[in-house]
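Per-entry structural report
Here is how the chains run, residue by residue.
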Amino acid sequence: GAGVSQSPSNKVTEKGKDVELRCDPISGHTALYWYRQRLGQGLEFLIYFQGNSAPDKSGLPSDRFSAERTGESVSTLTIQRTQQEDSAVYLCASSLAGTSGQETQYFGPGTRLLVL
Amino acid sequence: AQSVTQPDIHITVSEGASLELRCNYSYGATPYLFWYVQSPGQGLQLLLKYFSGDTLVQGIKGFEAEFKRSQSSFNLRKPSVHWSDAAEYFCAVGAPDPGGYQKVTFGTGTKLQVIP
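Residues numbered from 1 in each chain as written. Chains lettered and ligands numbered in written order. Predicted model: local features only at pLDDT ≥ 70, side-chain atom pairs only at ≥ 80, totals over all residues. Heavy atoms only, no water.

1. Considerations on the state of the cysteines
Among covalent bonds in proteins, the disulfide is the one between the sulfur atoms of two cysteines. Residues and elements named next belong to chain A. Inspection of the entire model under this criterion finds two disulfides over all chains. Between the sulfur of Cys23 and that of Cys92 lies a disulfide, 1.8 Å long from S to S. Judged by the torsion about the S-S bond (-65°), the Cys23/Cys92 disulfide is left-handed. Taken together, the positions of Cys23 in strand E3 (residues 19–24) and Cys92 in strand E9 (residues 88–95) put the pair 69 residues apart, joining distant regions of the chain. Cys92 shares its class with Cys23; the two are buried. (Disulfide = S-S within 2.5 Å. Helix = DSSP H or I, 4+ residues; strand = E, 2+ residues; numbered from the N terminus. Buried < 20%, exposed > 50% of the residue type's maximum accessible area, 1.4 Å probe, protein only.)

Printed below as a string of structure tokens:
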């Protein structure tokens, strides 16, 4: 079946503009994760969704970052008033629901964001 | 909180040579351990995972990893490297979060270069 997809694949924006990044998880996966990967660094957890609810937003770096999920499917990560330090690859992952911690996360190809 | 250390930022090996990528973790209980591979422009692909049982885990593409509790390590190995293995490799440790999901912490990655 189809994997996790993300759009756009690349985004160049000017400092101060808002951007929206989209994630389409694998069908049936109720858990969805957003990560940020800065150049030369590991993945940084941003937010987690179980269904349409986000029980853990602790990784969002500032109030300029927000995310929502609808229909237990598509998720959108919004960055308002972008700054140059927001430049990174934003990765989305999805997994089956569960509380054991053993569910494998499947990653999308990412959105490469460049803020000029 | 868990943490992961990948001490090697870059590794260069000759095609056909053996490979070992190091990973050390810190976690209070038995961790869930993962190795992911990221090819240029691609998302992360799961190579293998360890949850319990046999400490030697076989994965895709001929990779294996061994969980050593006494050394807090989960090193990735391959007996004979192919040019297509050139990529970035991430070790990750996961644990059930009190919020009921899988909290995964990634290492900073090791870039593998394969020379003819």
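2. Looking at the pairing of strand E5 (residues 32–38) of chain B
Residues and elements named next belong to chain B. The element E5 is extensively covered by neighbouring structure, given that seven of its seven residues are classed as buried. Residue alternation in E5 divides its side chains into two sets, Tyr32, Phe34, Tyr36 and Gln38 and Leu33, Trp35 and Val37, and both sets are buried. The sheet contact formed by E5 and strand E10 (residues 87–96) spans seven bridges and is antiparallel. Each bridged residue has a counterpart across the sheet, and for Gln38 the counterpart in E10 is Glu88. Bridge analysis of E5 against strand E6 (residues 44–50) gives six bridges, and the strand direction is antiparallel. Along E6, the bridge assignment pairs Leu33 with Tyr50. What sits between E5 and E6 in their antiparallel hairpin is a turn of five residues, with Gly41 showing a positive phi close to 75°. (Pairing = 2+ DSSP bridges.)

3. A closer look at the pairing of strand E8 (residues 75–79) of chain A
Residue and element names in this part refer to chain A. Burial of E8 is extensive: five of the five residues sit out of reach of the surface. Residue alternation in E8 divides its side chains into two sets, Ser75, Leu77 and Ile79 and Thr76 and Thr78, and both sets are buried. Both E3 and E8 contribute to a ladder of five bridges, which runs antiparallel. Paired with Arg22 across the strands is Thr76, a residue of E8. Pairing between strand E7 (residues 65–69) and E8: five bridges, direction antiparallel. By the bridge assignment for E8, Ala67 is matched with Leu77.

4. Some thoughts on the nonpolar core
All names here are of chain B. One finds Leu19, Trp35, Leu47, Leu48, Phe74, Leu76 and Tyr89 to be the most contacted residues of the largest nonpolar core, which totals 26 residues. Residue assignment for this core shows that the elements contributing at least two residues are strand E2 (10–14), strand E3 (19–21), E5, E6, strand E8 (64–68), strand E9 (73–78), E10 and strand E12 (110–115). The leading source of residues in this core is E10, at four residues. Not counting the four nearest positions on each side in its chain, Leu19 is found in contact with Ile11, Val13, Phe63, Leu76, Arg77, Lys78, Val81 and Leu112. (Core = buried A, V, L, I, M, F, W, Y, C linked by side-chain atoms within 4.5 Å. Contact = heavy atoms within 4.5 Å.)

Function cannot be read off these values alone, since they describe shape.
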